[in-house]
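Analysis of the macromolecular model
Okay, here's what each chain looks like letter by letter:
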Amino acid sequence: MQTKGNGEKHMFLKMWLRAGIPILAVTAVVMYFCLYLFLISAEIIIGGRTLEHTCAEMGLVLSNTDLTDRAAVEEQLDRLPGLHMVGILFDGDGREIARSDVDRCADAEGEFVAQYHKMEEALLEIHAGNDSVRNSQVNAFDYNHWYSQEPVWAPQGEYSLYCAKMTAIWRQRSGDFIPVGAGIFAAMTVLTLVIARSYHKLYKRRQAMECAFSQRVNALAHDLKTPMMVISGYSENFLAEIQVEKREHYAEKILENVNKMNAVVEEMLEFTRKKQTEPDRPKDKKTTQSA
């Protein structure tokens, strides 16, 4: 009995591996690509589009600010690090007027300070004419830097505002994405176990039906064997004896056993016909209760 139980467990595990592993593999691949596409789209929307909008707003604010007052300009630019941005203002001659104070304003986001300084260095290179530092490809799972330039018109003349924005959605929100993905994967695992369990039940039911069918066929074959032996014996006697009364007796016995064989054959045909016309289905509730 223990060997049979272990065999059923192994069969269930085998069915789960056949049905569950491919489903879980496909689920993992689909989840990865969905997450990748979501992160790419979010990076582009939050990085590229938001940067241009914020840079234009900051340019409008600075155009209404006294740009000769360095403290007033820096006060406006110091709002940018709170948006994961940095900004540098240049005058018409290309001289730096002011920049956002990253070290002072980004204390709450200390892990990003190094990225802010990288963006400031990139802004200086872009202002110097080196556009190769701009992002050419979006990275879904790492930092992305976005750059924009906005002209600023003020009574003192024309200025140029260079802004950069850092986005890192995966690094910032991975603590939210990972539990959601783990929950989905766990739900799919449970689903595959349910599917494997259903297949296992169908397998055991079919196995039991095949066993019953085999036993029934063996019983019918045994029932056929007896009249066949009787017919064989009477046929030999029929050929050996010459008395008329004996031949009549043997013929009657042969006919009697032929009728028995016909009955067994009819029973076998009826049994196979019922098996073909009645599909496998679980017993109804009343039958289960009565059993």
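Treat the numbers as computed from the prediction; the structure is a model and nothing was measured. (Residues numbered from 1 in each chain as written. Predicted model: local features only at pLDDT ≥ 70, side-chain atom pairs only at ≥ 80, totals over all residues. Heavy atoms only, no water.)

Our next topic: the packing of aromatic side chains. Counted under the stated rule, the structure contains eight aromatic pairs. Measuring from ring centre to ring centre gives 5.9 Å for F38 and F177, while their planes differ by 80°; the resulting arrangement is edge-to-face. Taken together, the residues span a long stretch of sequence, with F38 in helix 1 (residues 2-63) and F177 in helix 5 (residues 169-240) at a distance of 139 residues. Measuring from centroid to centroid gives 5.4 Å for F90 and Y162, while their planes differ by 90°, and the two rings are edge-to-face. Remark: Y162 occurs in strand 4 (residues 157-167) and F90 occurs in strand 1 (residues 85-90); sequence separation between them is 72 residues. Here Y162 falls in the buried class, since its relative accessible area comes to 8%. By way of ring pairs, the aromatic residues Y32, F33, Y36, F38, F141, W170 and F177 are connected into one cluster. (Phe/Tyr/Trp six-rings, centres within 6.5 Å; stacked < 30°, edge-to-face > 60°. Helix = DSSP H or I, 4+ residues; strand = E, 2+ residues; numbered from the N terminus. Buried < 20%, exposed > 50% of the residue type's maximum accessible area, 1.4 Å probe, protein only.)

Membership of the largest hydrophobic core comes to 18 residues, with the highest contact counts inside it found for L62, L67, L77, L89 and L161. Top element by residues in this core is helix 1. It accounts for four residues. Beyond its immediate sequence surroundings of up to four residues, L77 is in contact with M58, L62, G87, A98, R99, S100 and L161. In this structure, I88, F112, M119 and Y147 belong to the second largest nonpolar core, which totals 17 residues. (Core = buried A, V, L, I, M, F, W, Y, C linked by side-chain atoms within 4.5 Å. Contact = heavy atoms within 4.5 Å.)

With 15 residues, helix 4 (residues 113-127) ought to run about 21 Å at 1.5 Å a step, and its terminal C-alpha atoms sit 21 Å apart, in line with that. For helix 4, the set of buried residues is V113, Q115, Y116, M119, E120, A122, L123 and I126. A positive backbone phi angle near 105° is found at G129, which sits one or two residues after helix 4. (Expected span 1.5 Å × (residues − 1).)

Across the 11 residues of strand 4, nine count as buried, placing the element largely inside the fold. Sheet topology note: the strand 1/strand 4 ladder contains six bridges and is antiparallel. From the neighbouring strand, M85 faces strand 4, where its bridge partner is K165. Bridging between strand 3 (residues 144-154) and strand 4 involves 11 bridges; their strand directions are antiparallel. Within strand 4, the residue paired with S148 across the bridge is C163. (Pairing = 2+ DSSP bridges.)

For strand 1, the buried fraction is high: six of the six residues fall into the buried class. Residues of strand 1 alternate between two faces, with M85, G87 and L89 on one and V86, I88 and F90 on the opposite face, all of them buried. By the bridge criterion, three bridges tie strand 1 to strand 2 (residues 96-99) in an arrangement that is antiparallel. From the neighbouring strand, L89 faces strand 2, where its bridge partner is A98. The turn linking strand 1 back onto strand 2 is made up of five residues, and G94 within it adopts a positive phi angle of 85°.

This part covers helix 2 (residues 70-77). Among the residues making up helix 2, those that are buried are A72, V73, Q76 and L77. For helix 2, the angular spread of buried residues about the axis comes to 135°, placing them on one side. Residues A71 and E75 are exposed on helix 2 and point more than 90 degrees away from its buried face. (Arc of directions from axis to C-beta.)

On to the sheet that holds strand 2, then. Across the sheet, which stays open at both edges, the four strands sit in the order 2-1-4-3 with antiparallel pairing between neighbours. Edge strands, defined here as strands with exactly one partner in the open sheet, are strand 2 and strand 3. Neighbour to neighbour, the strand axes of the sheet diverge by 20° on average, direction disregarded. (Axes fitted to C-alpha atoms, helices over the stretch in contact; angles between N-to-C directions.)

This part covers the pattern of salt bridges. The full count for this structure, using the stated rule, is seven salt bridges. Between R99 and E96 there is a salt bridge; the shortest N-O distance is 2.8 Å. Here R173 ties to D176 by a salt bridge, and the two come within 2.8 Å at their closest N and O atoms. You can see R173 and its partner D176 sitting in helix 5, three residues apart, about one turn around the helix. Since its relative accessible area comes to 43%, R173 is described here as partly exposed. Judged by its relative accessible area of 40%, D176 is partly exposed. (Salt bridge = Lys/Arg side-chain N within 4 Å of Asp/Glu carboxyl O.)

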